[in-house]
Amino acid sequence: MFADVKDQLATELEEIRAAGTFKNERTISTPQSAHVEAAAFGEPAADVLNFCANNYLGLADAPRLIDAAKRALDERGFGMASVRFICGTGDLHLELETKVSEFLGTEATILFSSCFDANGGVFESLFGRGDAIISDELNHASLIDGIRLSKAARYRYRNADMEDLRAQLEATRTQNEGAPARRTIIVTDGVFSMDGYLAPLDRICDLADEYGAMVLVDDSHAVGFMGATGAGTPEHFGVPDRVDIYTGTFGKALGGASGGYVSGRREVVDMLRQKARPYLFSNSLAPSIVAATLTALDLVETSAGLREKLFENAALFRRRMDEEGFDLLPGEHAIIPVMFGDARRAAKVADAMLAQGVYVTAFSYPVVPQDRARIRVQLSAAHSSEDVEACVQAFVTARGATEVC
Ligand SMILES: *Cc1c(COP(=O)(O)O)cnc(C)c1O
């Protein structure tokens, strides 16, 4: 039986390779940090400077998180071996839910195994036939998939385009045979990860008020470092209490292990505990991860230094790359895309940089629009100014070595 499928899959894999979109993985044999030892298949491992992790605050190998995780291993064991509602709710899980609510300034929080699961559970539980979900076209795959699971009417607006969002809101007013949608929600990433652009949450909340819609923000690329206290893009835009539902991950700035959450209005969270399938039918987070994430939130609350270092590095990188004449997308986030346009050029520059010991990733169509190929640089508080300068110098050398002739 498998023989036919084997040939089909082999052909499809060959097509992916031929299209140049095959994803190879590098193996890292050290903790995730500014410097890692990394190897591609068949190559010896080399020490490289890492500019492509989501390790914004440099907490992935922080001794205090590791200590907290070790203590939890000793005191709470390795795994919960249960979903939450049977016998998988630890005191630490409840503590982390309370802590996330305090940190974001929300009423309640529910944990998931990942943000992918949080987004997979939130829509189907709250929105059904007769409702409307309006989604930014560049939203994360997990939001797109989660929205698909709901029976609500689906609308899409052009990236951060408020005129188009208004048009979609207008359409919900007559969607039910001339009658308005029962519940309407606007769904957006807080930060669009390919560009480092922020969603205009102030204007989104204004439109939501005007049309009586709710707002959901997935703040995975912002929680822990955007906003004055690190509470994310709603804080950055001064609209924390106008966002009804927050989703986010612990797998990026907050230690980078795993786990996600939905936070916001109490009734929303209460309903998710009853209905969200990835919560009801998937194992509870490991206690060591919960304990270390509590420590990560403590660190964010008590030391602004990590955020300051991150944005200092981002500003330094921007200034130096400008001076060297590179084309950067404008912005204020620690994701800084260096534009090359041509996909082969971007890939060649990334390869040449790796040969110099600087690890960055090139992105091209279909991940980004045609002729908008780029190298996405991600800064971290773990980088020193010397690391940032080394990255700039690697760009300069690689540009020279790959000049089109
Ligand atoms: C990374 C990311 C996720 C996935 O988070 P996990 O916890 O790794 O599943 C979801 N949404 C957005 C916007 C992300 O950037």
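Cut-offs used in this document
Residues numbered from 1 in each chain as written. Predicted model: local features only at pLDDT ≥ 70, side-chain atom pairs only at ≥ 80, totals over all residues. Heavy atoms only, no water. UniProt positions renumbered as here; feature names shortened; annotations may be inferred. Helix = DSSP H or I, 4+ residues; strand = E, 2+ residues; numbered from the N terminus. Rg over C-alpha atoms; globule rule 2.2 N^0.38 Å. Buried < 20%, exposed > 50% of the residue type's maximum accessible area, 1.4 Å probe, protein only. Contact = heavy atoms within 4.5 Å. Areas by Shrake-Rupley, 256 points an atom, 1.4 Å probe, with all protein chains shown as cover. Lys, Arg positive; Asp, Glu negative; His and termini not counted. Charge placed at Lys NZ, Arg CZ, Asp CG, Glu CD. Phe/Tyr/Trp six-rings, centres within 6.5 Å; stacked < 30°, edge-to-face > 60°. 1 Å grid on protein atoms, 1.4 Å probe; cavity = no way out; pocket = protein on both sides within 12 Å on 5 of 7 lines; lining within 4 Å. Points joined across faces, edges and corners; volume = space filled by probe spheres on them. Nonpolar A, V, L, I, M, F, W, Y, C, P; charged D, E, K, R; others polar. Domains from an automatic or database assignment. Buried area = accessible area lost by both parts, 1.4 Å probe. Salt bridge = Lys/Arg side-chain N within 4 Å of Asp/Glu carboxyl O. Polar contact = N/O pair within 3.5 Å; in protein donor to acceptor, adjacent residues only side chain to side chain. Core = buried A, V, L, I, M, F, W, Y, C linked by side-chain atoms within 4.5 Å.

If you look the protein chain up in an unreviewed UniProt entry, it shows as 2-amino-3-ketobutyrate coenzyme A ligase from Brachybacterium endophyticum. Per its UniProt entry, the protein chain bears the Sequence similarities (unreviewed entry) comment "Belongs to the class-II pyridoxal-phosphate-dependent aminotransferase family." If you open the UniProt record of the protein chain and go to Subunit (unreviewed entry), you find "Homodimer."

Caption draft 1: Summary view of the overall build of the protein chain. Looking only at helices and strands, the protein chain has 15 helices and 16 strands in total. In terms of overall dimensions, the protein chain is globule-like: its C-alpha atoms have a radius of gyration of 22 Å, near the 22 Å expected for 405 residues. Taken over 405 residues, the protein chain has a buried fraction of 51%. Nonlocal contacts in the protein chain, meaning residues at least 24 apart in sequence, comprise 68% of its contacts between residues at least 6 apart. Looking at the protein chain as shown, the accessible area adds up to about 18,800 Å², and 52% of this sits on carbon and sulfur atoms. Both charge centroids of the protein chain, one from 40 positive and one from 58 negative side chains, sit 3 Å from each other.

Caption draft 2: Representation of the packing of aromatic side chains. Within the structure shown, the criterion is met by six aromatic pairs. Between the aromatic rings of Y56 and F225, the centroid separation amounts to 4.5 Å while the plane-to-plane angle is 35°, which identifies the pairing as tilted. One end of the pair, Y56, is in the loop between strand 3 (46-50) and helix 2 (63-76); the other, F225, is in the loop between strand 10 (214-218) and helix 9 (233-236), with 169 residues separating them in the sequence. Like F225, Y56 is buried. Look at F250 and Y261: their rings are 5.5 Å apart centre to centre, the planes differ by 35°, and that puts the pair in the tilted class. Of this pair, F250 sits in the loop between strand 11 (245-249) and strand 12 (260-264) while Y261 sits in strand 12, and the two are 11 residues apart along the sequence. Y261 gets classed as buried once you look at its relative accessible area, which sits at 1%.

Caption draft 3: Region of interest: empty space enclosed by the protein. All chains considered together, the criterion is met by two cavities of 30 Å³ or more. The wall of the largest cavity is formed by R84, H93, L111, F112, S113, P278, Y279, S282, N283, S284 and L285. Secondary-structure elements contributing two or more residues to the lining of the largest cavity are strand 4 (108-112) and helix 11 (277-280). Counted by class, the lining of the largest cavity contains five nonpolar, five polar and one charged residues. In this structure, the second largest cavity occupies an estimated 60 Å³ of space. The wall of the second largest cavity is formed by Q32, S33, A34, N50, F51, C52, A53, N55, Q378, L379, S380 and H383. When its residues are assigned to classes, the lining of the second largest cavity shows five nonpolar, seven polar and no charged.

Caption draft 4: Broad picture of the domain arrangement of the protein chain. We note that the domain assignment places domain 1 (22-51 + 304-404) and domain 2 (63-302) within the protein chain. Each of domain 1 and domain 2 has a C-alpha centre, and the two are 29 Å apart. Taken together, the 16 residues of domain 1 in the interface contact 18 residues of domain 2. Both faces considered, domain 1 and domain 2 share a buried interface measuring about 1,400 Å² in area, 59% of it formed by carbon and sulfur atoms. With a shortest N-O distance of 2.5 Å, D195 and R374 are connected by a salt bridge. The tally of links from domain 1 across to domain 2 stands at six residue pairs in polar contact (both at pLDDT 80 or more). At the level of elements, helix 13 (305-323), strand 13 (335-341) and strand 16 (373-378) are the ones that each hand at least two residues to the side of domain 1 that touches domain 2.

Caption draft 5: Up close: the nonpolar core. Ranked by size, the top nonpolar core spans 87 residues in total, and within it F317, L379 and F395 carry the most contacts. Considering every element that reaches this core, the biggest residue donor is helix 12 (residues 287-302), with nine residues. Among the domains, domain 1 (22-51 + 304-404) and domain 2 (63-302) are the pair contributing at least three residues each to this core. Those residues in contact with F317 that sit more than four places away from it in its chain are I336, V338, V377, L379, V388, C391, V392 and F395. Counting 23 residues, the second largest nonpolar core, distinct from the first, contains A118, V262, V269 and L280.

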